[in-house]
Amino acid sequence: MARKRIFRNRLNNLSPKEWIKFQKSWFIHDPPRRREEVLRHPAKFPESLAYEFVEFFSKGGQTILDPMVGTGSTLIACLRAGRHSIGIELNPTYADIARELVKEERENLLDSVHHLKAEVITGDAALLLDYNLPTIDYVFTSPPYWDMLHAHGAQTQRKRRSSPELDLTYSEDPVDLGNIADYETFLDRLIQIYALLPSILRPKAYVTIIVKNIKKGGKIYPLAWDLGKRLGEIFTLKDERIWCQDDIRLAPYGMGNAWVSNTFHHYCLQFRYEP
Ligand SMILES: C[S@@+](CC[C@H](N)C(=O)[O-])C[C@H]1O[C@@H](n2cnc3c(N)ncnc32)[C@H](O)[C@@H]1O
């Protein structure tokens, strides 16, 4: 008689059915309407998106790092998923919003999360080795998409310009990667930060980076592909999952003249630390 195969799960706490759902290489995730407190930040990802990745790439009780945590989406997702979390954020205002939201989430989730750590460090990710971090089991993060928030024509920026309470850029700080005008310098500085991670990562831990290729001056700067190639020398590049948004209105860029796409997808790049 054939014996039933036992499903031994070393990576996460999902059932085989839940596991296989995540394996499709693309998915549609339309961010829910943002809460007032986080509208100020120009580019946050939804907690629900972070939650799905955290649930897949870690187990309950493990520790997750987001070295550029913004207003704290990764930390909120980790509390809901029962993971410890640490976020680093350069802009003190965003770091304070993240702390406030973590506090509120703790009040909502009550006793179930009192043992979980969800710490926000106000600081520069380039100094992450100075922050006395514990061993990290998974990194989930998204960097500034180069200096795109400085692009005056960007549709989202046009909308934000008419609301003075909303930030157009992350900060004026020269250490903020979103303020580096030269693409190669930006890429080098970002890679230098990610190259610090092996010192704190558990062997076999995954790193997920959410990113887009960037259009500027009629040219594509392949940030996602450049990261895949360059970080593939430090980690093993596993693959990408494509995050599609289909709730954005199409704009007639270049119509009648030239091919200019409406880019409604992000790359979720998966790397694994395999020393
Ligand atoms: C794409 S946003 C991340 C948003 C975040 N995932 C969220 O949902 O709120 C990138 C963040 O990186 C921060 N940042 C830029 N340079 C940094 C640095 N050197 N160290 C730490 N954070 C930095 C920016 O202030 C911004 O909040």
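Now for a quick tour of the structure. (Residues numbered from 1 in each chain as written. Predicted model: local features only at pLDDT ≥ 70, side-chain atom pairs only at ≥ 80, totals over all residues. Heavy atoms only, no water.)

This part is about the overall build of the protein. Looking only at helices and strands, one finds 8 helices and 10 strands in the protein. Computed over its C-alpha atoms, the radius of gyration of the protein comes to 19 Å, within 12% of the 19 Å expected for a compact globule of 275 residues. Referenced to the eigenvectors of the C-alpha coordinate spread, the extents of the protein come out at roughly 65 × 45 × 35 Å. Of all 275 residues assigned to the protein, the portion counted as buried reaches 47%. Summing over all exposed atoms, the protein offers an accessible surface of approximately 15,000 Å²; the carbon and sulfur share of this is 53%. Taking the average location of the 37 positive side-chain charges in the protein and that of its 35 negative ones, the two points are 8 Å from each other. (Helix = DSSP H or I, 4+ residues; strand = E, 2+ residues; numbered from the N terminus. Rg over C-alpha atoms; globule rule 2.2 N^0.38 Å. Buried < 20%, exposed > 50% of the residue type's maximum accessible area, 1.4 Å probe, protein only. Areas by Shrake-Rupley, 256 points an atom, 1.4 Å probe, with all protein chains shown as cover. Lys, Arg positive; Asp, Glu negative; His and termini not counted. Charge placed at Lys NZ, Arg CZ, Asp CG, Glu CD.)

With that out of the way, let us pick up the packing of helix H4 (residues 73-81) against helix H5 (residues 92-109). At their nearest, the axes of H4 and H5 sit 10 Å apart, and the two run at 15° to each other. It follows that H4 is roughly parallel to H5 by the angle criterion. Here H4 runs over H5; the crossing is right-handed. For the pair H4 and H5, contact is made by Leu75, Ile76, Leu79 and Arg80 and by Leu101, Val102, Glu105, Arg106 and Leu109, respectively. Its residues assigned to classes, the contact of H4 with H5 shows 6 nonpolar, no polar and 3 charged. (Axes fitted to C-alpha atoms, helices over the stretch in contact; angles between N-to-C directions. Parallel < 35°, antiparallel > 145°, perpendicular 65-115°, else oblique. Left-handed = near helix turned anticlockwise from the far one by under 90°. Contact = heavy atoms within 4.5 Å. Nonpolar A, V, L, I, M, F, W, Y, C, P; charged D, E, K, R; others polar.)

Bridge analysis of strand S3 (residues 84-89) against strand S4 (residues 118-122) gives 5 bridges, and the strand direction is parallel. Residue glutamate 89 lies in a different strand from S4, and its bridge partner there is threonine 122. In terms of handedness, the path from S3 via H5 over to S4 forms a crossover that is right-handed. (Pairing = 2+ DSSP bridges. Right-handed = clockwise from strand over helix to strand, strands pointing away.)

Position of glutamate 184 relative to the elements: it lies in helix H7 (residues 183-194). In this structure, the C-alpha to C-alpha distance between glutamate 184 and tyrosine 221, residues 37 residues apart in sequence, is 9.9 Å.

Applying the stated criterion across every chain, the model contains 19 aromatic pairs. Here the aromatic rings of tryptophan 146 and tyrosine 183 are separated by 5.2 Å at their centres, their planes lie at 70°, and the arrangement is edge-to-face. Pair noted here: tryptophan 146 is in the loop between strand S5 (136-141) and helix H6 (155-161) and tyrosine 183 is in helix H7, with a separation of 37 residues, a long-range link. Using a relative accessible area of 6% as the deciding quantity, one classes tyrosine 183 as buried. (Phe/Tyr/Trp six-rings, centres within 6.5 Å; stacked < 30°, edge-to-face > 60°.)

What follows is about H5. If you check H5, its first and last C-alpha atoms are 25 Å apart, about what 18 residues at 1.5 Å a residue would give, namely 26 Å. Burial in H5 covers these residues: Tyr94, Ala95, Ile97, Ala98, Leu101, Val102 and Glu105. In a view along the axis of H5, the buried residues occupy a sector of 155°, so they form one face of it. By the N-cap criterion, in which a side-chain oxygen at the helix start approaches the backbone nitrogen of a residue two or three places on, H5 is capped by asparagine 91, the distance to threonine 93 being 2.8 Å. Among the residues trailing H5, leucine 110 stands out with phi positive, at a value near 55°. (Expected span 1.5 Å × (residues − 1). Arc of directions from axis to C-beta. Polar contact = N/O pair within 3.5 Å; in protein donor to acceptor, adjacent residues only side chain to side chain.)

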